[in-house]
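Residue strings, one per chain:
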Amino acid sequence: MRMWLPFLLTMFLPAQDAFLVKPYLQLGDAPRLAAMERVELMWHTADQDDAWTVEVRGPRGWILQPGPTFRRLAAPPLPVHRIYRTILRNLRPGASVPYRVKLNGSAVFEAEAQTRKPGNHRMIVFGDAADGSAPQAAIAKAVAAARPDAVFITGDLVYSRGRAAEYRARFFPVYNSEEVPLLRRVPILGVPGNHDLPFGKWADASAYFAYWSLPLNGPALKAGEANAAPVTTGVHDAVVAASGPAFPRMASYSFDYGKIHWTVLDSNLYTDWESPAMKAWLEADLRAAKGAAWRIVALHHPLFQSARSHFDDQWMRTISPTLEKYGVDLVFAGHVHNYQRTAPLRFKPTKVGPRGKAVAGEFTVDEAFDGKAITRAKGIIHIVTGAGGAELYDPWQTDVKASWQPWTRAFISDKHSFTVLDVETKQLKLRQLDAEGRELDSITLTKALGR
Ligand SMILES: [Fe+2]
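Note on numbering: residues in each chain are counted from 1, in written sequence order. Given that this is a predicted model, residues contribute local features only at a pLDDT of at least 70 and side-chain atom pairs are listed and counted only at 80 or more, while totals for whole chains, interfaces and linings are drawn from all residues. Each side-chain value is derived from all of the structure's non-hydrogen atoms; neither hydrogens nor water enter the calculation.

1. Structural notes on the coordination of the iron ion
Turning to step 1, where the next piece is worked out: Only nitrogen, oxygen and sulfur atoms count as donors, using a 2.8 Å cut-off from the metal that widens to 3.2 Å for Na, K and Ca. Water is left out, so coordination shells may look unfilled. Protein-derived ligands of the iron ion are D156 (OD), N194 (OD1), H300 (NE2) and H335 (ND1), with the metal-ligand distances lying across 2.1 to 2.2 Å.
Turning to step 2, where the next piece is worked out: Key to geometry: four donors with every angle between 85 and 135 degrees are tetrahedral; four donors are square planar and six octahedral where opposite donors lie over 155 degrees apart and all remaining angles lie between 65 and 115; all other sites are irregular. Taken together, the four donor atoms surrounding the iron ion define angles of 86 to 166° at the centre, an arrangement classified as irregular.
Turning to step 3, where the next piece is worked out: Mapping the donors of the iron ion onto the primary sequence yields the spacing D-x37-N-x105-H-x34-H. With a gap of 106 residues between them, N194 in the loop between strand 11 (188–190) and helix 4 (208–211) and H300 in the loop between strand 14 (294–299) and helix 7 (320–325) connect regions that are remote in the sequence.
Turning to step 4, where the next piece is worked out: According to the relative accessible area criterion, N194 is partly exposed, its value standing at 23%.
Turning to step 5, where the next piece is worked out: Classification of H300 by relative accessible area gives buried; the value is 0%. Elements are defined by DSSP. Helices are runs of H or I of four residues or more, strands are runs of E of two residues or more, and each kind is numbered from the N terminus. Only protein chains enter the accessibility calculation, which uses a 1.4 Å probe. A residue is then buried if its area is under 20% of the maximum for its type, exposed if over 50%, and partly exposed in between.

Encoded structure:
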């Protein structure tokens, strides 16, 4: 009987059980929109040899894609597994492209991939997300229902320690199910938060670097260097090996979507954006984005926020003058588990304390902007959108305006929520929605022609 068991399993197990993690899309190392787009497809399997192939449907039928390749992740407590990847190539920008994954010649997975759009599009942003809670699942469902073209998660991607085992339980099944078909349909981008670090106790922490595939155009950091995520030799070797060139470089990067340039910064304390190399990269990246209609910076730790929780964690304020110099329009952050929006701000630091402490300075606040009748902003609007699943912070402040900083214009902490960004060349509409799709806040930003 025993010898028949593998055969019987093959006969009766549904084909999708071939996956430990079902196929999911990543932008890959493709920061700029190309005439022929590409998108990366990844999936996880047990550590066994099978014949995997991937096809994309073209005008004259299915087209076999090169690869796939795989790396092993051998970091307990999960059994050794394979992270497969292949690049879907020569895709039309802005198309919904059918693709299928075959195992030993039989199609076992099929979906459509939304390629990057050159113009108008919908981006959804939220943070502090995968904690395995009911609110996380409710927000995931609402995000899928809002039909984004891409999703950005502003850090604290997976609780409580960004571990591979936690991704398996709390991230992939929630954002990539039949009911919530997000990851298989649109690329999800993100940035590591303070819960995504290489914690010394866990061999499978920092799975971000192994499981995500994002542009490798950030500062050219090497393991062990200042500003790089500090892994421990003998603990994190397996994750580092499975990450290939992504570790430690993928912590910061930039990409274009439509007419927006996104600059994504690792704001964890080990990264000092005032150090010459990091600052030079940031300046060069923003300078090169002069032609973009809109410039967005995304990071985990907000520069400006009003919640009592994490109030001291506003150390990234020091980069504000650089962002202002290059015309950044919006900054998205998480870390603080609620929604907050500032007036358009300019900030001159006057007292920079030790890293990890708030930075004092002088504010210039655009009091006229209201996002309704007056939609041209003089300064940067800072959005905290950290209400994507984890327990909310300081809900009492929602109704106590006196507890907000003078430049805070919206503060909603009694509901989980996410940000919908509808982008056009000259207009950008931002709406904050709750898990039922109800609008909690909205602003419109416009730009003069030729800027
Ligand atoms: Fe955080």
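2. A short note on the domain arrangement of the chain
Turning to step 1, where the next piece is worked out: Partitioning the chain into structural domains gives domain 1 (15–113) and domain 2 (118–155 + 252–446).
Turning to step 2, where the next piece is worked out: Start and end points for every domain follow an automatic or database-based domain assignment. Each of domain 1 and domain 2 has a C-alpha centre, and these two points are 32 Å apart.
Turning to step 3, where the next piece is worked out: Listed per partner, the contact involves six residues of domain 1 and six residues of domain 2.
Turning to step 4, where the next piece is worked out: Here the quantity called buried area is the accessible surface, traced with a 1.4 Å probe, that two parts lose on coming together, added over both. Summed over both sides, the interface of domain 1 with domain 2 buries roughly 450 Å², with 60% coming from carbon and sulfur.
Turning to step 5, where the next piece is worked out: Taken as a group, P31, R32 and L33 account for 74% of the area that domain 1 buries against domain 2, more than any other trio of residues on that side.
Turning to step 6, where the next piece is worked out: One side-chain nitrogen of Lys or Arg within 4 Å of one carboxyl oxygen of Asp or Glu is enough to make a salt bridge. Joining domain 1 to domain 2, the criterion identifies one salt bridge.
Turning to step 7, where the next piece is worked out: We note a salt bridge from D256 to R32, for which the minimum N-O separation is 3.5 Å.
Turning to step 8, where the next piece is worked out: N or O atoms within 3.5 Å of each other form a polar contact, as long as, within protein, one can give a hydrogen and the other can take it, and as long as residues adjacent in sequence are counted only when both atoms are side-chain atoms. One can count two residue pairs in polar contact (both at pLDDT 80 or more) joining domain 1 with domain 2. Residue contacts follow a heavy-atom distance rule, with two residues in contact if any of their heavy atoms lie within 4.5 Å.

3. A few points about the nonpolar core
Turning to step 1, where the next piece is worked out: To qualify as a nonpolar core, a set must consist of buried Ala, Val, Leu, Ile, Met, Phe, Trp, Tyr and Cys residues joined through side-chain atoms within 4.5 Å. Counting residues in hydrophobic clusters, the biggest one holds 86 residues, and the most contacted among them are F152, Y211, W212 and W262.
Turning to step 2, where the next piece is worked out: For this core, the leading source of residues is helix 3 (residues 164–175), giving seven residues.
Turning to step 3, where the next piece is worked out: Both of domain 1 (15–113) and domain 2 (118–155 + 252–446) provide at least three residues apiece to this core.
Turning to step 4, where the next piece is worked out: When near neighbours in sequence (up to four residues on either side) are disregarded, W212 contacts Q26, M42, I153, L157, Y167, F171, I188, L189, G190 and M250.

4. Some thoughts on the environment of E225
Turning to step 1, where the next piece is worked out: Tracing the sequence through the fold places E225 in the loop between helix 4 and helix 5 (237–243).
Turning to step 2, where the next piece is worked out: Here the alpha-carbon distance between E225 and A130, two residues 95 residues apart in the chain, equals 29 Å.

5. Brief notes about the side chain of T444
Turning to step 1, where the next piece is worked out: If you trace the backbone, T444 turns up in strand 23 (residues 439–446).
Turning to step 2, where the next piece is worked out: Those residues within four positions of T444 in sequence are excluded, and the remaining contacts are F369, G371, T375, Q427, L428 and K429.

6. A word on unusual backbone geometry
Residues apart from glycine generally show negative phi values, whereas peptide bonds are mostly found in trans.
Turning to step 1, where the next piece is worked out: Across the junction of P76 and P77, the peptide omega takes the value 15°, indicating a cis bond.
Turning to step 2, where the next piece is worked out: Omega for the peptide link from F247 to P248 comes to -5°, which places this bond in the cis form.
Turning to step 3, where the next piece is worked out: Note that P248 resides in the loop between helix 5 and strand 12 (253–257).
Turning to step 4, where the next piece is worked out: In the Ramachandran plot, N104 falls in the positive-phi region, its phi being about 50° despite a non-glycine side chain.
Turning to step 5, where the next piece is worked out: If you trace the backbone, N104 turns up in the loop between strand 7 (96–103) and strand 8 (106–114).
Turning to step 6, where the next piece is worked out: Assessed through its relative accessible area of 49%, N104 is described here as partly exposed.
Turning to step 7, where the next piece is worked out: Here H335, not a glycine, exhibits a phi torsion of approximately 70°, which is positive.

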